[in-house]
Amino acid sequence: QVQLVESGGGLVQAGGSLRLSCAVSGRTFSRYAMGWFRRAPGKEREFVAGISGSGGITYYADSVKGRFTISRDNAKNTLYLQMNSLKPEDTAVYYCAGGTNGGSYYYTQKYDYWGQGTQVTVSS
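Keep in mind that what you see is a predicted model, and the values were worked out from it rather than measured.

Side chains of a nonpolar character, in soluble globular proteins, are inclined to be buried together. Trp36, Leu79, Leu81, Met83 and Tyr94 are the most contacted members of the largest nonpolar core, which totals 35 residues. Counting residues per element, the ones that place at least two in this core are β3 (18-24), β4 (33-39), β5 (46-51), β7 (68-73), β8 (78-83), β9 (92-99) and β11 (118-123). For methionine 83, the contacting residues outside a window of four places in its chain are Gly16, Ser17, Leu18, Leu20, Arg67, Phe68, Tyr94 and Val120.

Moving on, we come to the side chain of asparagine 77. Position of asparagine 77 among the secondary structure elements: in the loop between β7 and β8. A polar contact of 2.5 Å, which involves the side chain of asparagine 77, links it to the backbone oxygen of glycine 26. Ignoring sequence-local partners within four residues, the contact set of asparagine 77 consists of Cys22, Ala23, Val24, Ser25, Gly26 and Phe29.

Bringing unusual backbone geometry into the picture now. You will see that asparagine 77, though not glycine, has its phi angle at about 55°, which is positive. For serine 85, which is not a glycine, the phi torsion comes out positive at approximately 50°. Turning to its location among the elements, serine 85 is positioned in the loop between β8 and β9. Under the relative-accessibility criterion, serine 85 is labelled partly exposed at 41%.

Looking now at the state of the cysteines. On inspection of all chains with the given rule, the structure shows 1 disulfide. Bridging cysteine 22 to cysteine 96, the disulfide has an S-S length of 2.0 Å. Between cysteine 22 and cysteine 96, the disulfide has an S-S torsion of 55° and is therefore right-handed. One end of the pair, cysteine 22, is in strand β3; the other, cysteine 96, is in strand β9, with 74 residues separating them in the sequence. Across the pair, exposure class does not vary: cysteine 22 and cysteine 96 are buried alike.

About the thresholds
- Residues numbered from 1 in each chain as written.
- Predicted model: local features only at pLDDT ≥ 70, side-chain atom pairs only at ≥ 80, totals over all residues.
- Heavy atoms only, no water.
- Core = buried A, V, L, I, M, F, W, Y, C linked by side-chain atoms within 4.5 Å.
- Buried < 20%, exposed > 50% of the residue type's maximum accessible area, 1.4 Å probe, protein only.
- Helix = DSSP H or I, 4+ residues; strand = E, 2+ residues; numbered from the N terminus.
- Contact = heavy atoms within 4.5 Å.
- Polar contact = N/O pair within 3.5 Å; in protein donor to acceptor, adjacent residues only side chain to side chain.
- Disulfide = S-S within 2.5 Å.

Pasting the structure below:
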């Protein structure tokens, strides 16, 4: 059973930064494509960023490109999301996800495992 546990969320002022982490159990972390999604109040879950198993390929939603950076440390079984220049519209619950399915990183069907989420609140 693979478990994903996010941490690092919190309250920050607009323009500030946060770094989310996602600790993944198991010995095959490097096999998994990983992603970050978020769900804002009253909205559907949306893709934020994705990264290949080796970390060599990354994907970003247009809304976060240039502000957020996804990375992973396969030796530590940990996924990260560095969020800079945060805006109030970034307020959401952020989820990490991992999987070995084919298809686009942008869609939830690629991912088999999900964390419980961590709240990020950006005040104006």
